[in-house]
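# What the coordinates show
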Amino acid sequence: MRVLVVEDERRIADFIGKGLSEQGYGVDIAYDGDEALHWVDVAAFDVIILDVMLPVRDGLEVCRTLRETGLRTPILMLTARDAVEDRVRGLDSGADDYLVKPFAFAELMARIRALTRREPAATGTVLRVGDLVLDTTTREVSRPGQHIELTTKEYALLEYLMRHPNQVLTRTMIAEHVWNYDFDNATNVIDVHIRNLRRKIDDPLPTKLIHTVRGAGYRISARQMV
Ligand code: CA
């Protein structure tokens, strides 16, 4: 999953960005409202974390502008004060949820999980494809009789595949959602991660779930291809 963090205070932006990266999210940071609008133009995000207090163009205006363009990406607003009118203005401008600063990182993660659950493909915290189970709360992955240990990036890649079962995901889509903009040599890195995922998830069992769609990309599916 890829997250855009919009926050002018570098210390806070870096803290959020680092924490999300450690959890396997692809993260891009915008330090003002114009930069945020530019990022949304050029990249696809799964969640936007938007601070209200920004120079030039504040978070409320950014949020309204994004919604006016028809963007439906979940937006989590960060507000400095726990004032009712601030929260109301935030939600009225098109935000899906808000978090009052200062906040615990665990709560930020929980809010992001809740917002991404609202996607039609993902209801609840447990994703399943065939007998493969991924719990987005505990980050545990298993197939019958075995617990599967994944690296942070392998987990992020698998979660992205499992949120879009039976769909062909191109390497560009994977790169955009699992990594971030500063990502060179994407094809090679993605193929290596897919190979490692297959070794852990598919090699031990007769039913293969990760399928290569030649010339297109990858698909996770319990349906067997002929
Ligand atoms: Ca700020």
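Residues numbered from 1 in each chain as written. Predicted model: local features only at pLDDT ≥ 70, side-chain atom pairs only at ≥ 80, totals over all residues. Heavy atoms only, no water.

## Some remarks on the sheet that holds strand S10 (residues 169-170)
Taken in spatial order, the three strands line up as S10-S12-S11 in an open sheet, and their pairing is antiparallel. Bordering the open sheet on either side are S10 and strand S11 (210-213), each of which pairs with just one other strand. Bridge analysis of S11 against strand S12 (residues 217-220) gives four bridges, and the strand direction is antiparallel. The residue of S12 that forms the bridge with threonine 212 is tyrosine 218. Packing against the sheet, helix H8 (residues 186-201) makes contact with S11 and S12, and its axis sits at approximately 145 degrees to S11. (Pairing = 2+ DSSP bridges. Helix = DSSP H or I, 4+ residues; strand = E, 2+ residues; numbered from the N terminus. Contact = heavy atoms within 4.5 Å. Axes fitted to C-alpha atoms, helices over the stretch in contact; angles between N-to-C directions.)

## Regarding the pairing of S12
Pairing between S10 and S12: two bridges, direction antiparallel. The residue of S12 that forms the bridge with threonine 170 is glycine 217. In textbook terms, the turn of a hairpin is the stretch between consecutive antiparallel strands, and for S11 and S12 this stretch comprises three residues, one of which, glycine 215, has a positive phi near 75 degrees.

## Quick notes on the side chain of arginine 113
Residue placement: arginine 113 occurs in helix H5 (residues 105-117). With near-sequence residues (within four places) excluded, arginine 113 lies in contact with Thr136 and Thr137.

## Some points on the domain arrangement of the protein
Each assigned domain of the protein is listed with its residue range as follows: domain 1 (2-120) and domain 2 (124-220). The centre of domain 1, based on its C-alpha atoms, is set 26 Å off from the matching centre of domain 2. Domain 1 puts 15 residues into the contact, and the matching count from domain 2 is 15 residues. Interface area for domain 1 against domain 2, summed over the two sides, is near 1,300 Å², with a carbon-plus-sulfur share of 43%. One can count zero salt bridges joining domain 1 with domain 2. Viewed at the interface, domain 2 and domain 1 are joined by five residue pairs in polar contact (both at pLDDT 80 or more). Counting residues per element, the ones that place at least two in the side of domain 1 that touches domain 2 are helix H1 (10-22), strand S2 (26-30) and H5. Of the residues in the side of domain 1 that touches domain 2, the class split is four nonpolar, five polar and six charged. (Domains from an automatic or database assignment. Buried area = accessible area lost by both parts, 1.4 Å probe. Salt bridge = Lys/Arg side-chain N within 4 Å of Asp/Glu carboxyl O. Polar contact = N/O pair within 3.5 Å; in protein donor to acceptor, adjacent residues only side chain to side chain. Nonpolar A, V, L, I, M, F, W, Y, C, P; charged D, E, K, R; others polar.)

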